[in-house]
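Architecture and fold: a report
Listed below, chain by chain, are the residues.
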Amino acid sequence: MSTPPLYRRWANHYLHAIQSGALSPGERMPSVRKLMQTHGISLSTALQVCRVLEEDGWLEARPRSGYFVQLPKRTTVPLDEPSSTRVDPAQFVGIHDRVSRFILSRRQHPIALNLCGSRGEPDFYPVKALHKVAQHCLRLYPEVLVSPVANSGHSKLRHILARRSLARGMTLSPDDIVITHGCTEALNLALRAVAKPGDTIAVESPTFYGLLQILESLGMRALEIPTSPQHGISLDALELAMQTYDNIRAVVVIPILQNPLGSLMPDSHKARLADMCAKANIPLIEDDTYGELADSPTPAHTLKAWDRNGNIIYCTSLHKTLAPGMRLGWISAGRWQARVDMLKHTQTRQNEGWSQLAAAEYLGSSAYDRHMHRLKALLRQQRQRTAEVIARHFPPGTRLTNPAGGFSLWVELPDRIPSEAVFEAALNEGILIAPGVLFSNSNRWEHYLRINCGVRFGAKVEAGLIQLGQIVHTLLQQSRRTRNSPAVPLAG
Ligand SMILES: Cc1ncc(COP(=O)(O)O)c(C=O)c1O
């Protein structure tokens, strides 16, 4: 095993001091002269120690004052844009196996800290207010427990959703809306309305693994299109795929706060995407699960706002914004509305009435807007604090997204450390994360992790993230040792 050069050893020594908090941001780093005296090293070694730490972003050189400790600004280092318009050929076998394997491993370990999901803890949601509203509805309309609701959902809820959609740039009538069991059912209905088993569906890469599971369960093939961490799906790559493959039956995108990238599709891209798909007569399915969580000064316009001929099927959820326990979502299916109505009826019939009524009451009040304002501010703080700990405690070379809203940070590990190994090691410590391999049928994202910022930040989360950082450090050292170890000659 080769030993690192002297300057690297002392640089690691000071890096450790910064990461453990012995040297804090803003504090002066011991001068070059002091380093020479204290450690008995040469001027050039002492200078190299400071330069290495400066290059990695841990020190800032101030003219005539020396070096000062700082946190690397990794939170603002954007992830790479997709390097090509190459698409991954249609595949559909595999994601269930992967997800099942992770679920099995997870069941075998007690979980002390769950950073795997993509939603807030129960106390992020207005539980007291919802409780009050639900009781009020029951007092006022006790028959809601015994009378069936219309197949497409409670009219009060559809009404308020249609009204709220105006702010997102959509003009829908309550009859354009079907209430579903979360966005999962909405996506299932949308895909079944426009495609059949064996068909190819273009999706973003990486994408929400639940979508890949739905496609696999419906016997459809996912064609993975490169996706930018800033702007969402690459329209050039999609256009090329449409020219290359003549069997694309639908495109599914998450334009606002893409899961896991957190990207925001600019309005100009929404217009071009809507136009491209309409011209090619390919149905466009929009998943707007996180759309209301965007940190924009005015509500972000949906892709559906650019729908001119009913070619866009809009799917969304109240699960992440209002109440994970109620499992409410909805769909507005454009020219496939009648087919979606029929499929909903054959698949699950209507959702139960009481929660729809309670949701309608709450969404119709100003309390909902106040709740969303608080939730977005809380999540902003959560993401920032999580990113700070990652920046401080993960090895140099780690990069992460800086999304303008939502729950997730997408972390790229240095030296292509496999996230599955991080997942296993973290699980042994009782920490659950979502490894990148889940977000694609290919292995392209295996050195990425998704971290949920929906667990209230505090000592436990901080300690868990520090532990994750240590795991990544250890795996990085192991991988470098393996790479640097001389080849062993074959015997005989
Ligand atoms: C992008 C995306 N779509 C859909 C869903 C599923 O939504 P629901 O829980 O409302 O079924 C999720 C859940 O994490 C998601 O992240």
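Residues numbered from 1 in each chain as written. Predicted model: local features only at pLDDT ≥ 70, side-chain atom pairs only at ≥ 80, totals over all residues. Heavy atoms only, no water.

Regarding the packing of aromatic side chains
To keep things clear, this is the line we draw: The pairing test for Phe, Tyr and Trp rings, Trp by its six-membered ring, is centres within 6.5 Å, and the orientation test on the planes gives stacked under 30 degrees, edge-to-face over 60, and tilted for anything in between. Buried residues are those whose accessible area, probed at 1.4 Å on protein chains only, stays under 20% of the maximum for their type, while exposed residues exceed 50% and partly exposed ones sit between those limits. Think of it this way: any DSSP run of H or I at least four residues long counts as a helix, any run of E at least two long counts as a strand, and we number them from the N terminus. Working rule: Lys NZ or Arg CZ, within 6 Å of ring centre, within 35 degrees of ring normal, means a charge sits over the ring.
Per the counting criterion, the structure on display carries 10 aromatic pairs. Centre to centre, the rings of Phe-208 and Tyr-209 are 6.0 Å apart; their planes meet at 40°, and the pair counts as tilted. Taking the relative accessible area as the measure of exposure, Phe-208 reaches 24% and is therefore partly exposed. Given the relative accessible area of 17%, Tyr-209 is considered buried. Here Tyr-314 and Trp-330 contribute two aromatic rings whose centre-to-centre distance is 5.0 Å and whose plane-to-plane angle is 55°, an arrangement assigned as tilted. Of this pair, Tyr-314 sits in strand E11 (residues 312-317) while Trp-330 sits in strand E12 (residues 328-332); the two residues are 16 residues apart in sequence, bridging distant segments of the chain. Judged by relative accessible area, Tyr-314 falls into the buried class, the value being 2%. Judged by relative accessible area, which is 5%, Trp-330 ranks as buried. Three or more aromatic residues joined by ring pairs make a cluster, and in this case those are Phe-208, Tyr-209, Trp-410, Phe-439, Trp-445 and Tyr-448. It is Arg-62 that lies over the ring of Phe-68; its NZ or CZ is 3.9 Å from the centre.

Concerning helix H8 (residues 209-217)
What counts here: Contacts: residue pairs with any heavy atoms within 4.5 Å of one another.
Of all 9 residues that make up H8, 7 are buried, and the element is covered over most of its length. Packed against the buried residues of H8 are helix H4 (95-107), helix H7 (182-194), strand E6 (200-205), strand E7 (221-228), strand E9 (248-253) and strand E17 (448-452).

Brief notes about the site of the ligand
Stated precisely, the cut-off is as follows: Here, proximity means that at least one heavy atom of the residue falls within 4 Å of the molecule or strand. Between N or O atoms, a polar contact is any pair within 3.5 Å; within protein, one atom must be a potential hydrogen donor and the other a potential acceptor, and residues adjacent in sequence are included only when both atoms are from side chains. To be clear on the numbers: accessible area is Shrake-Rupley with a 1.4 Å probe, and residue cover counts the displayed protein chains and nothing else.
Near the ligand you find 13 residues, and of these Thr-184, Asp-287, Tyr-290, Ser-317 and His-319 are the closest. Ser-317 places a side-chain nitrogen or oxygen 2.6 Å from an oxygen atom of the ligand. Measuring from an oxygen atom of the ligand, one finds a side-chain N or O atom of His-319 at 2.6 Å. Protein contacts shield 94% of the accessible area of the ligand, which totals 400 Å² for the unbound molecule. In terms of residue count, H7 provides more of the shell around the ligand than any other element does, 3 residues in total.

Concerning the sheet that holds strand E13 (residues 399-400)
Which entries qualify depends on this criterion: Between any two strands, at least two bridges found by DSSP are needed for them to pair. Fitting a line to C-alpha atoms yields each axis, with helices limited to the stretch in contact; the angle taken between N-to-C directions then spans 0 to 180 degrees.
Read from one edge to the other, the open sheet built from 4 strands follows the order E13-E14-E17-E16, with strand pairing classed as antiparallel. A strand with exactly one partner marks an edge of an open sheet, and here the two such strands are E13 and strand E16 (434-435). Against the sheet, helix H13 (residues 366-393) touches E13, strand E14 (408-412) and E17, its axis set at about 20° to E14.

Let's talk about the domain arrangement of the chain
Think of interface size as the accessible area that goes away when the parts come together; that is how it is often given. The condition is simple: The source of the domain bounds is an automatic or database domain assignment.
Segmenting the chain into domains produces domain 1 (6-70) and domain 2 (130-365). Each of domain 1 and domain 2 was reduced to a C-alpha centroid, and the two centroids are 52 Å apart.

Some details on the pairing of E12
Taken across its 5 residues, E12 has 5 buried, putting it largely inside the fold. Inspection of the sheet shows strand E5 (residues 178-181) paired to E12 by 4 bridges, in the antiparallel sense. Within the sheet, the bridge partner assigned to Ile-179 lies in E12 and is Trp-330.

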